[in-house]
Amino acid sequence: MTFTTIKSFAEIVSRYDGFILDQFGVMHNGSESLPGSVECVKKLASMGKKLIILSNTSSPSQTALNKLPKLGFDPDLFIGAVTSGEEAGRYIKETFGSHGSISGNDHDHGDQEVVPIVKKAIWFTWANPAVAMTFISKCGNVQPTTNVDDADFVIAAGCDVLRGADGIGSETETGIESDVVSLGGFMQNADFSIIDPVLEQCRERGLPMVCANPDLIAKLAGGVTAHMPGKIAQKYEAMGGDCSYFGKPHAEHFEACLRDLGLDPSKVAHVGDSLHHDIAGANDAVGDIPDVDSLKQLFEKEKQSPTHVAPLLQY
């Protein structure tokens, strides 16, 4: 696939009626908006272009939209967001979090009562309990545990800590959360020394994993590289474990954006910064991708090519 290089979205905007926008690396770096991105979003919206966010965040869609004002973006300019966390949470609720069993009688009414069966999960998540809770609250009747022997499945949603049932928003008198196990230096340097033994135990028990954030790395403020949950899922598969992924590059998530946009795919461009996640998936579903900060030699190496290449999301 051939591609063109552009300096500004003004050069291609007439070709498209809608834009699917990635967050990290395109709109912002997790702490602040990237140069020109806020103005570009406003300009595209003022021209009547439909905008939607597609992100591999484990946060639910509404949570992702609620964070935009702090980064300088107006959430009202977007028709919505499709996040891997929203899709994974829905799957977990349907697969593990909606079970019940008939047990005993209701002595007041003489009817049988439904007693929920609680499924337990090894939960790789974030250190901030409030952030972690936005995801697990979408998963239905599921209880986190740090004991592999008690678990029914595994969730890879974050990569700071393992969090159990007593680690959801609870703190000891010292201010330190209980039932929380740090993953050490994984996020900083991909150190699996704490994670590997847990994954091996999960594999030995044949526990299925659900990956709610398939990103392998993320570029944070200051150019810092952070290692992400997708690497944990990738390692589990390499050990022989089974994993279901949600988010990019799976075409279903791009197609969900197209349905919400209500536009012909040929009139929609996806704006991403990852060859593996953004281009591989969008080529299957959309076909036009202004990719950010990618180099020609990488296209050849990865056998993926965008339609346009721009330095930044700018107009």
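Residues numbered from 1 in each chain as written. Predicted model: local features only at pLDDT ≥ 70, side-chain atom pairs only at ≥ 80, totals over all residues. Heavy atoms only, no water.

**Remarks on the sheet that holds strand 16 (residues 268-271)**
Within the open sheet, the 4 strands sit side by side as 4-3-2-16. Their pairing is parallel. If you trace the sheet from one side to the other, it starts and ends with strand 4 (81-83) and strand 16, each paired once. Ignoring strand direction, the axes of neighbouring strands in this sheet form an average angle of 20°. When strand 2 (residues 18-21) meets strand 3 (residues 50-55), the two strands line up parallel, connected through 4 bridges. By the bridge assignment for strand 3, F19 is matched with L51. (Pairing = 2+ DSSP bridges. Helix = DSSP H or I, 4+ residues; strand = E, 2+ residues; numbered from the N terminus. Axes fitted to C-alpha atoms, helices over the stretch in contact; angles between N-to-C directions.)

**A closer look at the nonpolar core**
Ranked by internal contacts, the top residues of the largest apolar core, which has 27 residues, are I122, F124, I195, C202, M209 and I232. Sorting elements by how many residues they give to this core places helix 6 (residues 195-204) first, with 4 residues. With residues up to four places along the chain from it excluded, the contact list for I195 reads F124, L183, F186 and I232. Counting residues in each nonpolar core, the second largest holds 25 residues, with V38, L65, F78 and A310 among its members. (Core = buried A, V, L, I, M, F, W, Y, C linked by side-chain atoms within 4.5 Å. Buried < 20%, exposed > 50% of the residue type's maximum accessible area, 1.4 Å probe, protein only. Contact = heavy atoms within 4.5 Å.)

**Quick notes on the confidence of the model for the chain**
Across the chain, the average pLDDT comes to 85, with 82% of residues at 70 or higher. A low-confidence stretch, residues 170-175 stays under pLDDT 50, and its non-local contacts, those more than four residues away or across chains, total 5 contacts. Low confidence marks residues 277-294, where pLDDT is under 50. Its contacts with residues over four positions away, or in another chain, come to 90 contacts. (pLDDT = per-residue confidence, 0-100.)

**Comments concerning the packing of aromatic side chains**
Overall, the coordinates contain 5 aromatic pairs when judged by the stated rule. Ring centres of F186 and F192 lie 5.0 Å apart, and the angle between their planes is 75°; this geometry places the pair in the edge-to-face category. As far as burial versus exposure is concerned, F186 and F192 are alike and both buried. One aromatic cluster is present, formed by F9, Y16 and F19 through successive ring pairs. (Phe/Tyr/Trp six-rings, centres within 6.5 Å; stacked < 30°, edge-to-face > 60°.)

**Points about unusual backbone geometry**
Backbone torsion omega between K248 and P249 reads 15°, so that peptide bond is classified as cis. Considering the arrangement of structural elements, one finds P249 in the loop between strand 15 (243-245) and helix 8 (251-261). Positive phi is not limited to glycine here, since A190 has a value of about 60°. In this fold, A190 is placed in the loop between helix 5 (186-189) and helix 6.

**Remarks on the environment of T134**
Its place among the elements puts T134 in helix 4 (residues 129-136). Taking the relative accessible area as the measure of exposure, T134 reaches 22% and is therefore partly exposed. Separated by 71 residues in sequence, T134 and T63 place their C-alpha atoms 7.4 Å apart. With sequence-adjacent residues up to four places away left out, T134 is seen in contact with S59, P60 and T63.

**Here's the deal with the pairing of strand 16**
A regular strand places its side chains so that they alternate between the two faces of the sheet. Along strand 16, one buried face is formed by V268 and H270 and the opposite face, lined by A269 and V271, is buried too. Where strand 2 lies against strand 16, 4 bridges are found, and the strand directions are parallel. Bridged to L21 within strand 16 is V271.

**Things to note about the packing of helix 6 against helix 7 (residues 229-238)**
At their nearest, the axes of helix 6 and helix 7 sit 10 Å apart, and the two run at 50° to each other. By the angle between their axes, helix 6 is oblique relative to helix 7. Pair helix 6 / helix 7 crosses with right-handed handedness. Packed against helix 6, whose contacting residues are I195, D196, L199, C202 and R203, the element helix 7 presents I232, K235 and Y236 at the interface. Split by residue class, the contact of helix 6 with helix 7 holds 5 nonpolar, no polar and 3 charged. (Parallel < 35°, antiparallel > 145°, perpendicular 65-115°, else oblique. Left-handed = near helix turned anticlockwise from the far one by under 90°. Nonpolar A, V, L, I, M, F, W, Y, C, P; charged D, E, K, R; others polar.)

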